[in-house]
2 protein chains.
Amino acid sequence: MIKYPNGKKYSGTELREPSVPSSVDYSNRGMDFEEAIDASNQYYLEHNIAAIHKKPTPIQIVKVDYPQRSAAVIKEAYYKSASTTDYNGVFRGKYIDFEAKETKQVSFPLQNLHDHQVDHMRQVVHHKGISFILIHYARYDEIYLLFAEDLFFFWDRMKNGGRKSITRNEIAEKAQTIKLGFLPRIDYISIIQSKFLDDRR
Amino acid sequence: MIKYPNGKKYSGTELREPSVPSSVDYSNRGMDFEEAIDASNQYYLEHNIAAIHKKPTPIQIVKVDYPQRSAAVIKEAYYKSASTTDYNGVFRGKYIDFEAKETKQVSFPLQNLHDHQVDHMRQVVHHKGISFILIHYARYDEIYLLFAEDLFFFWDRMKNGGRKSITRNEIAEKAQTIKLGFLPRIDYISIIQSKFLDDRR
């Protein structure tokens, strides 16, 4: 067994080159999609690239106990559905706002998103923020970034009686592939930069 | 008794002019500071001025029950201290980020803020977002907007052994007064607009 100087085991996959082929099944490395995004955001923060955070899970608190000399204990609460997206923050002054979704299907089922989330994304776009979804296709271990403007097309198609999912071909045509990396693992900011900022200089 | 056409009682204070004198004790109107900010954000959203939301309260969930045929019930959870600020969103493409604090003191006690919140505000400013605190002086029923850059001065003064609060004179000199309005009640966006956007056109 190989160990790092800090005593951590060397698993054999951690020292890959920055750009890992998308065939790598990173889900087997014990890091789920959300954790990989959180780790990427942490990387962006520590390297002064962007300040983007996951919002806390919305909870409806019903009953709280206040024991003497110790912290308040929530004894009854319920999960609320999110009225906005899960992640937001700032990159070069611009407002960034996105949702991350995973699917095991071949097509991306639009029921993974809620009406109020899509409404929120429309508001973000209206106010000139940058909004998108990150999709992890667990079946292919591929990650795509689909900008909100393109998502709205598929969403409205569904609302007008069309198909309830985005096909793999449509994703391939409209979305940007994000190659899995070492650090950051899911470098979505590089796509934002090349689309919105590089050609504005 | 006077009633509106919708049957709602006319309380005598609801029909004030847009700019209400600061001597009005609006806390007696049954609306606390946070509710007034939420109502202002709702106004901005509905009038397509900005999309700014309060983040959910961060909760550490310890125990969840999954009763058959009903929603998951959180049976044990604790409040976590916030690692960022309470409010963020987008105004004309710019990232907006702020914290709201109330004090009954004459000076504003800096212990109302946490290190990690101020660290977060520094990151926002570094990434060219717009960051500030809204302070409600309950004693005077006055509301001020203090930009993060000015807050850092007082924060660092405290960290260097100086006073642990911002005096009333310092606030008057450095912060912007927000007059209470009818709609929106706390029109902080007008200050952002005049400081950051009007002179950039």
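A few points on the structure.

The rules we used
- Residues numbered from 1 in each chain as written.
- Chains lettered and ligands numbered in written order.
- Predicted model: local features only at pLDDT ≥ 70, side-chain atom pairs only at ≥ 80, totals over all residues.
- Heavy atoms only, no water.
- Least-squares fit on C-alpha atoms with pLDDT ≥ 70 in both.
- Contact = heavy atoms within 4.5 Å.
- Buried area = accessible area lost by both parts, 1.4 Å probe.
- Salt bridge = Lys/Arg side-chain N within 4 Å of Asp/Glu carboxyl O.
- Polar contact = N/O pair within 3.5 Å; in protein donor to acceptor, adjacent residues only side chain to side chain.
- Helix = DSSP H or I, 4+ residues; strand = E, 2+ residues; numbered from the N terminus.
- Nonpolar A, V, L, I, M, F, W, Y, C, P; charged D, E, K, R; others polar.
- Pairing = 2+ DSSP bridges.
- Axes fitted to C-alpha atoms, helices over the stretch in contact; angles between N-to-C directions.
- Buried < 20%, exposed > 50% of the residue type's maximum accessible area, 1.4 Å probe, protein only.
- Phe/Tyr/Trp six-rings, centres within 6.5 Å; stacked < 30°, edge-to-face > 60°.
- Expected span 1.5 Å × (residues − 1).

So, about the relation of the copies chain B and chain A. Laying chain B over chain A is done by rotating through 180° and shifting 0.0 Å along the axis; what remains is an RMSD of 0.0 Å. Taken together, the rotation angle and the small translation identify this as a two-fold axis. Same-surface contact between copies: 100% of interface residues of chain B are shared with the interface of chain A.

Attention now goes to the interface of chain B and chain A. The interface is formed by 37 residues belonging to chain B together with 37 residues belonging to chain A. Interface area for chain B against chain A, summed over the two sides, is near 3000 Å², with a carbon-plus-sulfur share of 66%. On the surface where chain B and chain A come into contact, there are zero salt bridges. Where chain B packs against chain A, one counts seven residue pairs in polar contact (both at pLDDT 80 or more). When contributions to the side of chain B that touches chain A are tallied by element, the ones reaching two or more residues are strand S2 (51–54), strand S3 (59–65), strand S4 (73–79), strand S5 (87–91), strand S6 (94–103) and helix H2 (115–126) of chain B. A total of seven residues in the side of chain B that touches chain A trace back to one element, the largest contributor, which is S4(B). Its residues assigned to classes, the side of chain B that touches chain A shows 19 nonpolar, twelve polar and six charged. Where strand S3 (residues 73–79) of chain A and S4(B) come together, three bridges link them in antiparallel fashion.

What follows covers the sheet that holds S4(B). Sheet architecture is open: four strands sit in the order S2(A)-S3(A)-S4(B)-S3(B), paired in antiparallel fashion. In the strand order of this sheet, the two ends are held by strand S2 (59–65) of chain A together with S3 of chain B, each with one partner. Strand-to-strand twist in this sheet, taken as the mean axis angle between neighbours without regard to direction, amounts to 35°. Here S2(A) runs beside S3(A); their pairing, made up of six bridges, is antiparallel. Looking at S3(A), one finds that A:Ile59 is bridged to A:Tyr79.

On to the pairing of S6(B), then. Residue and element names in this part refer to chain B. In terms of burial, S6 is a largely internal element, nine of the ten residues being buried. Both S5 and S6 contribute to a ladder of five bridges, which runs antiparallel. For Phe91, the partnering residue across the bridge sits in S6 and is Lys94. Here S5 folds back onto S6 in antiparallel fashion, the turn holding two residues, of which Arg92 has a positive phi close to 50°. For S6 and strand S8 (residues 130–137), the ladder comprises eight bridges, and the chain directions are parallel. Its bridge partner being in S8, Asp97 is matched across the sheet by Ser131.

Given two aromatic rings, one states the distance between the centres and the angle between the planes to describe the pair. Residue and element names in this part refer to chain A. Applying the stated criterion to the full structure yields 23 aromatic pairs over all chains. On the basis of an interplanar angle of 55° and a centroid distance of 6.4 Å, the ring pair of Tyr137 and Tyr140 is categorised as tilted. The class of Tyr137 is buried, set by a relative accessible area of 0%. Given a relative accessible area of 28%, Tyr140 falls into the partly exposed group.

Residues and elements named next belong to chain B. A rise of 1.5 Å per residue sets the reference length of helix H1 (residues 33–46), with its 14 residues, at 20 Å; its end C-alpha atoms lie 20 Å apart and thus fit the reference within 8%. Restricting attention to buried positions, one finds in H1 the residues Phe33, Ala36, Ile37, Ser40, Asn41, Tyr43, Tyr44 and Leu45. Between the side-chain oxygen at the start of H1 and the backbone nitrogen of Glu34 there is a gap of 3.3 Å, and the oxygen is on Asp32. At the exit of H1 stands Asn48, carrying a positive phi of roughly 55°.

Here we come to unusual backbone geometry. Residues and elements named next belong to chain A. Following Leu183, the chain continues into Pro184 via a peptide bond in cis, with omega recorded as -5°. In this structure, Pro184 sits in the loop between strand S10 (176–177) and helix H5 (188–197). At Arg69, a residue that is not glycine, the phi angle is positive and equals roughly 55°. Considering the arrangement of structural elements, one finds Arg69 in the loop between S2 and S3. With a relative accessible area of 85%, Arg69 lands in the exposed category.

Geometric descriptors of this kind do not, in isolation, establish any biological role.
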